[in-house]
Structures are given as C-alpha cells and as structure tokens.
Amino acid sequence: MKNKDIPKATKPSQNQIKKPDFIPTDDKIKFSFSALERNEYFDFDVSHPNWASKLFDMLKNASNFSFEDLKKLGTYRVHNHENAKPPCSLPNGVRLKDLYQIRIDKSHGGIHGVFYENIFYVIWLDPLHNMYPDSKYGGLKTINPL
C-alpha cells in the first residue's frame, strides 16, 4: 500500500457533532442512589423476581418529565409522606414531609426519597409496600434479601 492511499484524518466540524436524543435536559428528573439505605423493610426482595426490571422501566420513563409534570401524572402517584408512619427511623436530616414516593406500578410498590432541584435522591426501595402496609399486600413484611 502506498502512502498516498491512506486517507488523512480530518477534524469534524462543529455542526457535524449532534447531541444524542437520550440525554435529558436540565429540567427533567434525574435519579441519584447516593442516599440509598438498605434495611429489613426497604431493599430488593427475592419474592419479586422482575421488580428490578419494572424499577428500571419506571426510572427511564419518569426521566422524561420535570418534577412538576411527574406530580400531575396519576401513573406514578408522586406524593409526600407527611402523614405516613414508616416502619423504621428516617435517615438523619430527612423530614417526613420532605420524603416522597414515586410508584413503580400498582402491584410493584415504589421508591421513596427526596427531591432537590430536579434530582430525586432515592433513599428506600419498597417492593413490599412497607411504607403503607396494607392487608391486601400481606401487611408489614421484612425483606428476603437477594
């Protein structure tokens, strides 16, 4: 092969580089797991084998909305826990009125955490509906960890 057959690298022009469609804008919800706590009531549970898949579907779909828009959608039942009676102590510095739920779907519970600007800091995973234990879901149960 001769030197003249090797193409020269060219620097792409600024207008050739496009932002991928999947990168969220600043007003969309982002999720952080830096505050995640795992305990006997809130964690992954082996009795719900597809729960993680449902969780990731919800995280992906919810990431398309702002916090205000997400609250308006009935699908995720976003609400704070001002009147809840959690089965364990809240993390230091977290007040019950600042703790929110985002539902995964009716039979898969939800996640609990706090919003700060457009970031939802996930504190608890709740596949067993332990924030609001109900007899139709078997009442308060402890987690059977993975």
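Structure's up top.
None of the values given here were measured: they were computed from a predicted structure. Just so you know, the residues in each chain are numbered from 1, in the order the chain's sequence is written. Residue-level local features of this predicted model are given only where pLDDT is at least 70; pairs of side-chain atoms are given and counted only at 80 or more, and the full residue set underlies all totals for whole chains, interfaces and linings. Side-chain calculation: all heavy atoms of the structure are included, whereas hydrogens and water are not.

Draft legend 1. Spatial organisation of the overall build of the chain. Working definition: helices are DSSP H or I runs of at least four residues, strands are E runs of at least two. Numbering for both runs from the N terminus. Counting its regular elements, the chain contains 2 helices and 5 strands. In sequence order, the secondary structure elements of the chain are arranged as β-α-α-β-β-β-β. The 146 residues of the chain split such that 34% are buried. Considering only contacts in the chain between residues 6 or more positions apart, those separated by 24 or more positions represent 61%. Entry remark: accessible area of the chain is about 9,700 Å², with carbon and sulfur atoms responsible for 51%. For the exposure calls, accessible area comes from a 1.4 Å probe over protein chains only, and a residue counts as buried if that area is under 20% of its type's maximum, exposed if over 50%, partly exposed in between. Whether two residues touch is decided by their heavy atoms; if any such pair falls within 4.5 Å, the residues are in contact. All accessible-area figures derive from a Shrake-Rupley calculation using a 1.4 Å probe, and residue coverage is judged against the displayed protein chains alone.

Draft legend 2. Inspection of the pattern of salt bridges at higher detail. Salt bridges are counted wherever a side-chain nitrogen of Lys or Arg sits within 4 Å of a carboxyl oxygen of Asp or Glu. Under the criterion given, the structure shown has 3 salt bridges. In this structure, the salt-bridge partner of Asp98 is Arg95, at a minimum N-O distance of 2.7 Å. Residue Arg95 is classed as partly exposed on the basis of its relative accessible area of 47%.

Draft legend 3. Structural context of the environment of Trp51. Tracing the backbone through its elements, the reader meets Trp51 in helix H1 (residues 51–62). Assessed through its relative accessible area of 1%, Trp51 is described here as buried. C-alpha separation for the pair Trp51 and Gly110, spaced 59 residues apart in sequence, amounts to 9.9 Å. The contacts of Trp51, once residues within four sequence positions are left out, are Phe44, Ile104, His108, Gly110, Ile111, Leu125, Asp126 and Pro127. Under the rule applied, a polar contact is a pair of N or O atoms within 3.5 Å (in protein, one hydrogen donor and one hydrogen acceptor; residues adjacent in sequence only if both atoms are side-chain atoms). Side-chain polar atoms of Trp51 contact the backbone oxygen of His108, separated by 2.5 Å.

Draft legend 4. The pairing of strand S5 (residues 119–126), seen in detail. With 6 of 8 residues buried, S5 lies mostly within the body of the structure. For strand S1 (residues 30–32) and S5, the ladder comprises 3 bridges, and the chain directions are parallel. Bridge assignment links Lys30 to a residue of S5, and that residue is Ile119. Where strand S4 (residues 110–116) lies against S5, 7 bridges are found, and the strand directions are antiparallel. For Tyr116, the partnering residue across the bridge sits in S5 and is Ile119. As consecutive antiparallel partners, S4 and S5 are separated by 2 residues, and within that stretch Glu117 has a phi angle of approximately 55 degrees, a positive value. Should DSSP find at least two bridges between two strands, the strands are taken to pair.

Draft legend 5. The pairing of strand S3 (residues 100–103), seen in detail. Side chains Tyr100 and Ile102 of S3 all project onto a buried face; the interleaved residues Gln101 and Arg103 project onto the opposite face, where all are buried too. As judged from the 2 bridges shared by strand S2 (residues 79–80) and S3, these two strands associate in the antiparallel manner. What sits directly across from Asn80, in S3, is Tyr100. Counting the residues between successive antiparallel strands, the hairpin from S3 to S4 contains 6 residues, one of them, Gly109, with a positive phi of roughly 65 degrees.

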